[in-house]
Structure formats: structure tokens, C-alpha cells
Amino acid sequence: MIPHPSPSAEPTPAEASAWADVLVRRRLLHAAVLTPSGQWLVQDHPDGPVHLLQGPADVLALAAAIQHHTRSTRPETR
């Protein structure tokens, strides 16, 4: 069995990159770019403002917020 990190573990840049890639591929974000300083530039829409995220934890928080919003606004299928 593969051990999983504890929930309190700090997110890694690789995790943030994976989530950013998914959000862009699923068209939930227009762009997400990692800067050399470890910060992220994200843009919701092509003509929208660019937001600065401080690091991997902020990217994962954004992914969680988008996921929560997506799940809370879609019609119940059960």
C-alpha cells in the first residue's frame, strides 16, 4: 500500500501543477502559470484580470473552491 501524506502536509509544487493543469484542460480556468518565484498567475477568462497566488496551497484552495462551486450549482442526478 502507498502511504498518503497527512492532510496537514503542505501541498507541493507538483500537486499544484497537476491541479492547475486539470483546471485549464477542463476549461475551469483560462490560464495558470508558475513563475520562477514559486507564485502562480491565474486568469479565469481570456479578457479577465490576472490574479497572483502566493504558492501551492493557494492553487489547491482555488481548485477546492472551483470544485465546490461546480458541485453546488449542478442539478442533482441521484
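Above this text you will find the structure in question.
Sequence order as written defines the numbering, with residues in each chain counted from 1. Side-chain atom pairs in this predicted model are given and counted only at pLDDT of 80 or more, local residue features only at pLDDT of at least 70, and totals for whole chains, interfaces and linings cover all residues. Hydrogens are left out, water is left out, and the side-chain values use all remaining heavy atoms of the structure.

A.B. asks: For unusual backbone geometry, give the residues involved together with the corresponding values.
C.D. replies: Located in the positive-phi region is Arg-27, a residue other than glycine, with phi close to 60°. Using a relative accessible area of 76% as the deciding quantity, one classes Arg-27 as exposed. Buried means the residue's accessible area, taken with a 1.4 Å probe over protein chains only, is under 20% of the maximum for its type, while exposed means over 50%, and partly exposed covers the values in between.

A.B. asks: So what about the pattern of salt bridges? Which residues, and what values?
C.D. replies: The working definition used for a salt bridge is a side-chain nitrogen of Lys or Arg within 4 Å of a carboxyl oxygen of Asp or Glu. For the structure shown, the criterion picks out one salt bridge. Measuring nitrogen to oxygen at the nearest pair gives 3.0 Å for the salt bridge that ties Asp-21 to Arg-25. Taken together, the residues Asp-21 and Arg-25, both in helix α1 (residues 13-25) and four residues apart, mark about one turn of the helix. For Asp-21, a relative accessible area of 40% translates into the label partly exposed. The helix and strand labels rest on DSSP assignments: H or I over at least four residues marks a helix, E over at least two residues marks a strand, and numbering proceeds from the N terminus.

A.B. asks: Mind laying out the pairing of strand β1 (residues 31-34), listing which residues take part and the relevant values?
C.D. replies: Pairs of strands are assigned from DSSP output, requiring at least two bridges between the strands. The pairing of β1 with strand β2 (residues 40-43) spans four bridges and is classified as antiparallel. From the neighbouring strand, Val-33 faces β2, where its bridge partner is Leu-41. Hairpin geometry of β1 and β2 is characterised by an intervening segment of five residues between the two adjacent antiparallel strands and by a positive phi of about 95° at Gly-38.

A.B. asks: Explain the sheet that holds β2 residue by residue, including any values.
C.D. replies: The three strands lie next to each other as β1-β2-β3, forming an open sheet whose pairing is antiparallel. Only two strands of the sheet have a single neighbouring strand rather than two, namely β1 and β3 (50-53). Each strand of the sheet is rotated relative to its neighbour by a mean of 20°, with strand direction disregarded. Interaxial angle, 0 to 180 degrees, is taken between N-to-C directions of lines fitted to C-alpha atoms, where a helix line uses only the stretch in contact.

A.B. asks: Give me helix α2 (residues 56-73): which residues, what numbers.
C.D. replies: The span expected for a helix works out to 1.5 Å for each residue beyond the first. For α2, which comprises 18 residues, the first-to-last C-alpha distance of 26 Å matches the rise-based estimate of 26 Å (1.5 Å per residue) to within 8%. Inspection of α2 places Pro-56, Val-59, Ala-63 and Ile-66 among the buried residues, and these make up the whole buried set. The arc that holds the buried residues of α2, viewed along the axis, is 90°, so those residues lie on one side. Turned more than 90 degrees away from the buried face of α2 sit His-68 and Thr-73, all of them exposed. Taken from the helix axis, the directions to the C-beta atoms give the arc we talk about.

A.B. asks: I'd like to hear about the pairing of β3, residue by residue, with values.
C.D. replies: With four bridges connecting them, β2 and β3 associate as antiparallel partners. The residue bridging Val-42 from the neighbouring strand is His-51, located in β3. The loop that links β2 with its antiparallel partner β3 comprises six residues.

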